[in-house]
Each structure stands twice: as structure tokens, then as C-alpha cells.
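Inside the fold
The lines below spell out each chain.
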Amino acid sequence: MTEIAEIADTIENLPNVLATLLGPVDPVVLTTPPAPGEWTVHQVIGHLITGDGPAFRDRIASIVAGDAEVASFDPGALVKARGFDSESLDDLLAELVSERTRSAASVRSLADVDLSVTADFGRHGSLAAADFVDEWPFHDHDHVQQILSILKAAHLPGMTEQMRRALSSD
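Calculation notes
- Residues numbered from 1 in each chain as written.
- Predicted model: local features only at pLDDT ≥ 70, side-chain atom pairs only at ≥ 80, totals over all residues.
- Heavy atoms only, no water.
- Helix = DSSP H or I, 4+ residues; strand = E, 2+ residues; numbered from the N terminus.
- Buried < 20%, exposed > 50% of the residue type's maximum accessible area, 1.4 Å probe, protein only.
- Contact = heavy atoms within 4.5 Å.
- Lys, Arg positive; Asp, Glu negative; His and termini not counted.
- Charge placed at Lys NZ, Arg CZ, Asp CG, Glu CD.
- Axes fitted to C-alpha atoms, helices over the stretch in contact; angles between N-to-C directions.
- Parallel < 35°, antiparallel > 145°, perpendicular 65-115°, else oblique.
- Nonpolar A, V, L, I, M, F, W, Y, C, P; charged D, E, K, R; others polar.
- Expected span 1.5 Å × (residues − 1).
- Bend = angle between axes of the 7 residues up to and from the residue.
- Phe/Tyr/Trp six-rings, centres within 6.5 Å; stacked < 30°, edge-to-face > 60°.
- Left-handed = near helix turned anticlockwise from the far one by under 90°.
- Salt bridge = Lys/Arg side-chain N within 4 Å of Asp/Glu carboxyl O.
- Polar contact = N/O pair within 3.5 Å; in protein donor to acceptor, adjacent residues only side chain to side chain.

**Section: the overall build of the chain**
- In terms of regular secondary structure, the chain is built from 8 helices and 2 strands.
- Taken over the C-alpha atoms alone, the chain extends approximately 55 × 35 × 30 Å along its principal axes.
- Per-residue burial over the chain gives 36% buried out of 170 residues.
- A fraction of 76% describes how many contacts in the chain between residues 6 or more apart in sequence connect residues 24 or more apart.
- When the 11 basic and 27 acidic side-chain charges of the chain are each reduced to a single mean position, those positions are 7 Å apart.

**Some details on the side chain of E99**
- Take E99: it is sitting in helix α5 (residues 89-108).
- Non-local contacts of E99, meaning those with residues more than four positions away in its chain, are made with I49, D52, G53 and R57.

**Description of the packing of helix α3 (residues 41-64) against helix α7 (residues 129-155)**
- Where α3 meets α7, the axes come as close as 10 Å, and the angle between the chain directions of the two elements is 175°. Of the possible angle classes, the one that applies to α3 and α7 is roughly antiparallel. Packed against α3, whose contacting residues are V41, V44, H47, L48, D52, A55, F56, R57, R59, I60, I63 and V64, the element α7 presents A129, F132, V133, E135, W136, H139, D140, H143, Q146, I147 and I150 at the interface.
- Of the residues that constitute the contact of α3 with α7, the class distribution is 14 nonpolar, 4 polar and 5 charged.

**A short note on α7**
- With 27 residues, α7 ought to run about 39 Å at 1.5 Å a step, and its terminal C-alpha atoms sit 40 Å apart, in line with that.
- Roughly 30° is the biggest bend found in α7, and it falls at W136, with proline P137 one to four residues downstream.

**Describing the packing of aromatic side chains**
- For the structure shown, the criterion picks out 2 aromatic pairs.
- Relative to W136, the ring of F56 has its centre 4.7 Å away and its plane inclined at 10°; by these criteria the two rings are stacked. Taken together, the residues span a long stretch of sequence, with F56 in helix α3 and W136 in helix α7 at a distance of 80 residues.
- Its relative accessible area of 3% is what places F56 among the buried residues.
- Since its relative accessible area comes to 0%, W136 is described here as buried.

**Quick look at the packing of helix α1 (residues 4-22) against α7**
- Running from amino to carboxyl end, α1 crosses α7 at an angle of 15°, the nearest separation of the two axes being 9 Å. In terms of their interaxial angle, α1 and α7 are classed as roughly parallel. Here α1 and α7 pass one another in a crossing that is left-handed. Facing I4, I7, T10, I11, L14, L18, L21 and L22 of α1, the residues of α7 in contact are V133, D134, W136, P137, D140, H141, V144, I147, L148 and L151.
- Looking at side-chain class alone, the contact of α1 with α7 contains 14 nonpolar, 2 polar and 2 charged residues.

**Some remarks on the pattern of salt bridges**
- Taken as a whole and assessed by the stated rule, the structure comprises 8 salt bridges.
- Note that R82 and E87 form a salt bridge whose closest N and O atoms lie 2.8 Å from each other.
- Since its relative accessible area comes to 28%, R82 is described here as partly exposed.
- One salt bridge in this structure joins R82 and E95, with 2.5 Å as the shortest N-O distance.

**Focus on the environment of S126**
- Position of S126 relative to the elements: it lies in strand β2 (residues 126-128).
- When the C-alpha atoms of S126 and V70 are compared, they prove to be 9.2 Å apart, with 56 residues separating the residues in sequence.
- Excluding anything up to four places from it in sequence, S126 contacts T118, A119 and D120.
- A distance of 3.5 Å separates the side chain of S126 from the side chain of T118, its partner in a polar contact.

What follows is the structure, encoded as C-alpha cells:
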């Protein structure tokens, strides 16, 4: 397991990384899906905002409190329920900062004994609070990769066929 302080710092600093990465990007790129049915960059950020509580903080708190079963939730429904693409990047990142400040404090408050408490997660079996703590930055990194893929796709139309072939042979 990665050190709890490192995980908390990683969770807390993600909005800064996204602000640096996305600040110069045209808002149209950030609010255009790369393909029909796929999330936009704003929706990915929205998912990070709406997922912190139910996917991580609440589950970890529930396990530590001794609840026998970990609750499930539908992340797509939370994203769909709100119009993230109509919100500004600055507003989304400010909201993410607020969520991540709470989340990092929550992670920092966990003792070693808390991390070993387990609960049933349906077909996945018994999972410890530590499983969700460790999965949190992994989940974030998956979504950073998703954002990078969207940004890369936005550059493709400006590239010549020759350059595309050159890239595919590397």
C-alpha cells in the first residue's frame, strides 16, 4: 500500500494538475464528446466531483463504521443528471478543489486499524477500507488518461496523414 499521506496529497493535488493541463485548451474541445455516447472533459471532471463522496469517502466511512455491506451507486446517472458542459472549467475545478480538500482530510484522518476493516462488496467479495483508499488515485489516473485521450483526439484533424503514419510506426 502507498503511504496514506502520499495518497491524500495525490487526491488533493489533482485539481491543480487539471488546471495546468486544461487551462489553455479551447472550451469547445473540453465540452465536445470524442465520439457519440462518450464523456466530454467537463463530464469527466464532473464524474470526479460527484464520485468522491459515494465512491470513496462514503464507502470508506461506512466500512470503518462497521457496516456489513458497501453501497453501490451509478456514476453515469450522476453525470447525466447535471449539465457539466454548460459550466465553466474554472467553476468545475473550484468545486473539485472543495471536494478534494474534504476527501484528502478524510483520508488523512484514517488510522492503520481503520484501513484493515472490511465489508462485503457483493460479487467482488470482502474489501477493506484500504482497498478503496488505494483505488482512489488509480481511479483518478484512469480519468487523467481518459482526458489525455480526448485532448490527443482533438489534435488529430490538424495532423497530416504522413505524420499519423509516422506516429503509428513508433
